[in-house]
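Examination of the molecular architecture
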There are 2 protein chains.
Amino acid sequence: MKSLSTPAEVRSLARSGELSDPTPGLAAGYVQANLVVLPKSLAFDFLLFCQRNPKPCPVLDVTDVGNPEPRLVAPGADLRTDLPRYRVFQQGELIEETTDIRQFWRDDLVAFLIGCSFTFEAAMVKAGLPVRHLEEGNNVPMYRTTIPCVSAGCFAGPLVVSMRPLSPEQAIRAVQLTTPYTKAHGAPVHLGDPAAIGINQLDTPDFGDAVTLRNGEIPVFWACGVTPQAAIGQSRAELAITHAPGHMFITDLKEDAIL
Amino acid sequence: MKSLSTPAEVRSLARSGELSDPTPGLAAGYVQANLVVLPKSLAFDFLLFCQRNPKPCPVLDVTDVGNPEPRLVAPGADLRTDLPRYRVFQQGELIEETTDIRQFWRDDLVAFLIGCSFTFEAAMVKAGLPVRHLEEGNNVPMYRTTIPCVSAGCFAGPLVVSMRPLSPEQAIRAVQLTTPYTKAHGAPVHLGDPAAIGINQLDTPDFGDAVTLRNGEIPVFWACGVTPQAAIGQSRAELAITHAPGHMFITDLKEDAIL
């Protein structure tokens, strides 16, 4: 694959179908985003769900009704084609995973772009912190927890988290480093014992790939933008479209622009 | 008037009609809030306006449709009676200023509580910074600027700011001190020359009272929660109810809880 150093390159390859892989490490230094598409009739409840759960759901941009262009964060891009992989839900059930959602698009749809922890991984690497799934060429491991979100209208569900193994000293540095990235989930929500937040098996993540936890390392957990997908399942929304976990939209924003 | 040291005391006196004055300095150390009430049909556009303009419109709480209780920030309070003074708008025109909005309440109304800069004034006083309108027993001066907000649906309009005079050294300290209060407008948006943001006369504020600018002081401007009132005027919203400028709702949140 060509070097994918700019957001426009990544989006263009996703659009042409050449890229259908997860996006960690691509266009390093640019803000990556989770996608949630819903009918206008559910848009207020969902925006309120985001407002009430800002750690997992920091809103970066909301499109005008029926318009798939994210005008504020990537003018000219098309959210129907420019992500590597999507999930389509009807009545809360996953009905299809696809690389193009033009056939599902409607005039009453609103798209929400939500910050993603991949955004601060370039800063972690620069600070000398390990990012294990990048080292191992994998998608980040993600887990459903037993921590409930604050509900809003029809949206309710558990917090979903991503996990990165770090030594205790590295975990302290990672807390400091990620705290200012409030639009990319910010500081971790938990570290250490996975069972304390309802995760029983670290080696079988609910989404993404398992990674190696080395001797002396503890798992460090960040709120994750897959959280809305859990809420969509419970909501039984007539139609909802999201990115496939780890297959993000890459915006034109530099990571420093959201600090 | 009795000492008004707790949020419940202030709200109770507003409810009984004994308090209809501005709220700076009341229940010091607690989070104060701007109020915007709109029909559900406009709620998504307005929440999006807030999301796109987080400096003037940091959302603290949004009530369930038809329910005047702000469950998250002041359980048991009633937003129809617990503010000292309200403004009622029809088709964007101010039709009434009143101390009780029960007669205007409807089952389809949604109330938004938005952070207020009165929240950090206790911290300014504690740090030895002057808060001139408190010293002079007045409401804070507020001004329309020529800085446009980012529009959302029917909501668009200019940024409204509040002003506090400070020496340059105090202004620097105030920037540091208020930066973490992102849910109460955070750092100033401007300091020095008022004309640079379209303010021609400091001594005739658009809302609130004029205050003394002493020799060697510069005006320091913070984004203000009256901004939505300007947008409501332009939106021609069928019905909108707000607090009267300076007459805020006092929540049960301690100011440190929003840091």
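Everything discussed here concerns the structure shown above.
Residues numbered from 1 in each chain as written. Chains lettered and ligands numbered in written order. Predicted model: local features only at pLDDT ≥ 70, side-chain atom pairs only at ≥ 80, totals over all residues.

What to know about the sheet that holds strand E9 (residues 218-223) of chain B
Residues and elements named next belong to chain B. Pairing in this open sheet of four strands is antiparallel, and the strands run E6-E7-E9-E8 from one edge to the other. The open sheet has two free edges, formed respectively by strand E6 (142-148) and strand E8 (190-191), since each of these has just one partner strand. Relative to strand E7 (residues 158-166), E6 runs antiparallel, the two being bridged by four bridges. Bridging from a neighbouring strand, Tyr143 pairs with Val161 of E7. Helix H5 (residues 168-178) contacts E7, E8 and E9 of the sheet and is inclined by roughly 15° relative to E9. Strands in contact with helix H6 (residues 227-235) are E6, E7 and E9; relative to E7, the strand with the most contacts, it is inclined by about 155°. (Pairing = 2+ DSSP bridges. Helix = DSSP H or I, 4+ residues; strand = E, 2+ residues; numbered from the N terminus. Contact = placed C-beta atoms within 7 Å. Axes fitted to C-alpha atoms, helices over the stretch in contact; angles between N-to-C directions.)

Describing the interface of chain A and chain B
Chain A puts seven residues into the contact, and the matching count from chain B is seven residues. Among the elements of the structure, helix H2 (43-52) and strand E2 (59-62) of chain A are those that each provide at least two residues to the side of chain A that touches chain B. Per-element tally for the side of chain A that touches chain B: the top contributor is H2(A), with five residues. The residue makeup of the side of chain A that touches chain B, split by class, is six nonpolar, one polar and no charged. (Nonpolar A, V, L, I, M, F, W, Y, C, P; charged D, E, K, R; others polar.)

Quick look at the packing of H2(A) against helix H2 (residues 43-52) of chain B
For the pair H2(A) and H2(B), interaxial distance at closest approach is 9 Å and the crossing angle is 35°. When the axes of H2(A) and H2(B) are compared, the crossing they make is left-handed. Taking contact as the criterion, the partners of A:Ala43, A:Phe44, A:Leu47, A:Leu48 and A:Gln51 in H2(A) are, on H2(B), B:Ala43, B:Phe44, B:Leu47, B:Leu48 and B:Gln51. Here the residues of the contact of H2(A) with H2(B) are counted per class, giving eight nonpolar, two polar and no charged. (Left-handed = near helix turned anticlockwise from the far one by under 90°.)

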